Amino acid sequence: MSTLSPTQSPKTRRKPSTRRRAGSHVPPYSSYPSHDAALAAIRSFLKCHTAYDAFPVSFRLIVLDTKLNVKKALQCVVSAPLWNSDKSKFAGMLTVLDIIHLIQYYYRTASYDYAAADVETFRLESLRDIEKELGVAQPPLLRDHPSSTLYDAAKLLIQTHARRLPLLDNDSETGHEVIVSVLTQYRLLKFISINCHKEIQGLHLSLRKLKIGTYVASPPHEVPEGQNPYHPIATASRNTPVFDVVHMFSERSISAVPIIDDEGIVLDMYETVDVITLVRLGAYQSLDLKISEALNQRSPDFPGVVVCTASDSLGTLLQLIKKRRVHRLVVVEGEKGRLLGIITLSDVLRYVIGKVGIGEGSQEDEVKSLPSESSIKKTPKS
């Protein structure tokens, strides 16, 4: 397990019993004015800078033709922009959730032998048909221009519940669309953490006080027998079949599920990328395995589970994003680390940007002390 700490990078600990958690970093007195000022300064910073500014110093962009079959695509990436070569135009994004939907479709409608054979020829262009068959919402055909402000790009991500935003331009000679890059929630938040160091220090109110994240609705001992004691959070045990978790991913459009014991102690996290690993290996039958068995096939470079307490601060979380790649944190309580909640990057971005509709934007948030253009720091090589 890894813990949230303001002074050092989290260290991975394999045994839950040896896990340390960060203490509270909330000041003993009310500090809303400075917190609100820091938040307003960050929003003004985002309104003054474009998506292009957040591009890393060096990066590569993989674009997949919709004629490519799924199995070959997954050997390259788990997420990428799609290109319709027949029409020479952008065709959306391939995401991990698309593959999760495909796996669920096969398990509902076909035998293992048929699925194993069909996936060899199944093309990316047919993924939208699978979503129609399952009755799940199809992802919107999102796009934005690199010159759009980061504030507007963030609002678009929030409103559409997307984790990635393709950035497109038009070729000046042919007029055809050109996929320039993809802006992710993580890269946007990391750009903030690198360039708004002073403002982040002012964000010292607790995550729970700011209502960032999803938390267990009631203490487990107050939940009637037969009901999920950790509602509305989806959970699993080491004995849960992998496909049951795949169903949770597809039905709830989530990307990770905490693995807990009978007491609610967080043991691990099972993620959509773990399922993709099995698919890449051609081990479709492994989806019937228990979680404990599937975790043995996990890549050895898995970074571990990052945990925090509800009293940790937003500023501390953003400092962590600056140091390491984080997609979610598990909120725990007590010495043993009982599950209390989950915080995703979507939750963090939604709070930082605020409840502002697309096309809106108030100049009242703007402050004078913004980083100058010459002081803007690019994110490291992707």
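Keep in mind the model is a prediction, meaning the values are calculated, not measured. (Residues numbered from 1 in each chain as written. Predicted model: local features only at pLDDT ≥ 70, side-chain atom pairs only at ≥ 80, totals over all residues. Heavy atoms only, no water.)

### Observations concerning the sheet that holds strand 3 (residues 80-84)
Using the following cut-off: Strands are treated as partners if at least two bridges between them are detected by DSSP. A run of DSSP states H or I qualifies as a helix once it reaches four residues; a run of E qualifies as a strand once it reaches two. Both are numbered from the N-terminal end.
With mixed pairing, three strands are arranged side by side in an open sheet as 2-3-4. At either end of the open sheet lies a strand with only one pairing partner, and these are strand 2 (64-65) and strand 4 (89-94). Here strand 2 runs beside strand 3; their pairing, made up of two bridges, is parallel. Across the sheet, the residue bridging to Leu-64 is Leu-82, located in strand 3.

### Details of unusual backbone geometry
The line we're drawing: Categorising residues by exposure relies on relative accessible area from a 1.4 Å probe, with only protein chains included: less than 20% of the type maximum marks a residue as buried, more than 50% marks it as exposed, and the intermediate range marks it as partly exposed.
Cis peptide bonds are those with omega within 30 degrees of zero, and the linkage from His-231 to Pro-232 qualifies with 10°. Positive phi is not limited to glycine here, since Ser-88 has a value of about 55°. Locating Ser-88 in the fold gives a position in the loop between strand 3 and strand 4. Residue classification places Ser-88 among the partly exposed residues on the basis of a relative accessible area of 28%.

### Observations regarding the environment of Thr-50
This is how the line gets drawn: Here a residue-residue contact requires only that any non-hydrogen atoms of the pair lie within 4.5 Å.
Locating Thr-50 in the fold gives a position in the loop between helix 1 (32-47) and strand 2. Taking C-alpha positions, Thr-50 is 4.0 Å from Thr-149, a pair spaced 99 residues apart along the chain. The residues contacting Thr-50, other than those within four sequence positions of it, are Pro-146, Ser-147, Ser-148, Thr-149 and Leu-150.

### Examining helix 12 (residues 314-323)
Most of helix 12 sits out of view: seven of its ten residues are buried. What helix 12 keeps buried is the set Leu-314, Gly-315, Thr-316, Leu-317, Leu-318, Leu-320 and Ile-321. Buried residues in helix 12 make contact with helix 7 (185-195), helix 8 (197-201), strand 10 (306-308), strand 11 (328-333), strand 12 (338-344) and helix 13 (345-353).

### Digging into the sheet that holds strand 10
The strand order across the open sheet formed by five strands is 1-10-11-12-7, and the pairing between neighbours is mixed. Unpaired on one side and paired on the other, strand 1 (2-3) and strand 7 (214-215) mark the two borders of the sheet.

### Things to note about the pairing of strand 4
Where strand 3 and strand 4 come together, four bridges link them in antiparallel fashion. Note that in strand 4 the partner of Asn-84 across the bridge is Lys-89. Counted along the chain from strand 3 to the antiparallel partner strand 4, the turn is four residues long, and its residue Ser-88 has a positive phi close to 55°.

### Describing the packing of helix 7 against helix 13
Rule in force here: Every axis corresponds to a line fitted to the C-alpha atoms, with the helix fit spanning only the stretch in contact, and the corresponding angles, defined between N-to-C directions, vary from 0 to 180 degrees. Put simply, angles under 35 degrees are roughly parallel, angles over 145 are roughly antiparallel, angles from 65 to 115 are roughly perpendicular, and the rest are oblique. Crossing handedness: left-handed means the near helix sits turned counterclockwise from the far one by under a right angle, and right-handed means the same turn made clockwise. Asp, Glu, Lys and Arg are counted as charged, while Ala, Val, Leu, Ile, Met, Phe, Trp, Tyr, Cys and Pro are counted as nonpolar; the rest, among them Gly, fall into the polar class.
Taken N-terminus to C-terminus, the directions of helix 7 and helix 13 make an angle of 50°; their axes are 10 Å apart at the nearest point. One element, helix 7, and the other, helix 13, form an angle in the oblique class. Regarding helix 7 and helix 13, the two cross each other, and that crossing is left-handed. Here helix 7 contributes Gln-185, Tyr-186, Leu-188, Leu-189 and Ile-192 to the contact with helix 13, which in turn contributes Leu-345, Ser-346, Val-348, Leu-349 and Val-352. Residue composition of the contact of helix 7 with helix 13, by class: eight nonpolar, two polar and no charged.

### Here's the deal with the pairing of strand 12
Of all the seven residues making up strand 12, five are buried; the element is thus mostly covered by neighbouring parts of the structure. Sheet topology note: the strand 7/strand 12 ladder contains two bridges and is antiparallel. Bridge pairing links Thr-214 to Ile-342 in strand 12. In this structure, strand 11 lies alongside strand 12, joined through six bridges in antiparallel fashion.

### Comments concerning the confidence of the model for the chain
The predicted coordinates ought not to be read in detail in places where the model reports low pLDDT. The test is simple: pLDDT measures how confident the predictor is about each residue, on a scale from 0 to 100.
Of all residues in the chain, 84% attain a pLDDT of 70 or more, and the chain-wide mean is 83. Within the model, the stretch residues 6-31 combines pLDDT values under 50 with 58 contacts to residues more than four positions away or in other chains. A low-confidence stretch, residues 358-370 (pLDDT under 50), is modelled with 22 contacts involving residues beyond four sequence positions or located in other chains.

### Re the environment of Ile-260
Here Ile-260 is to be found in strand 8 (residues 256-260). For Ile-260, a relative accessible area of 6% translates into the label buried. For the pair Ile-260 and Arg-338, spaced 78 residues apart in sequence, the C-alpha separation works out to 8.4 Å. Discounting chain neighbours no more than four positions away, the residues touching Ile-260 are Tyr-230, Thr-235, Ala-236, Ser-237, Ile-265, Val-266, Leu-267 and Leu-339.

### What about the packing of helix 3 (residues 96-109) against helix 9 (residues 242-252)?
Viewed as axis vectors pointing N to C, helix 3 and helix 9 meet at an angle of 125°, and their least axial separation amounts to 9 Å. Here helix 9 runs oblique to helix 3, going by the angle between their axes. Crossing geometry of helix 3 relative to helix 9 is assigned as left-handed. Of the residues in helix 9, those in contact with Leu-97, Ile-100, His-101, Ile-103, Gln-104, Tyr-107 and Arg-108 of helix 3 are Phe-243, Val-246, His-247, Phe-249 and Ser-250.

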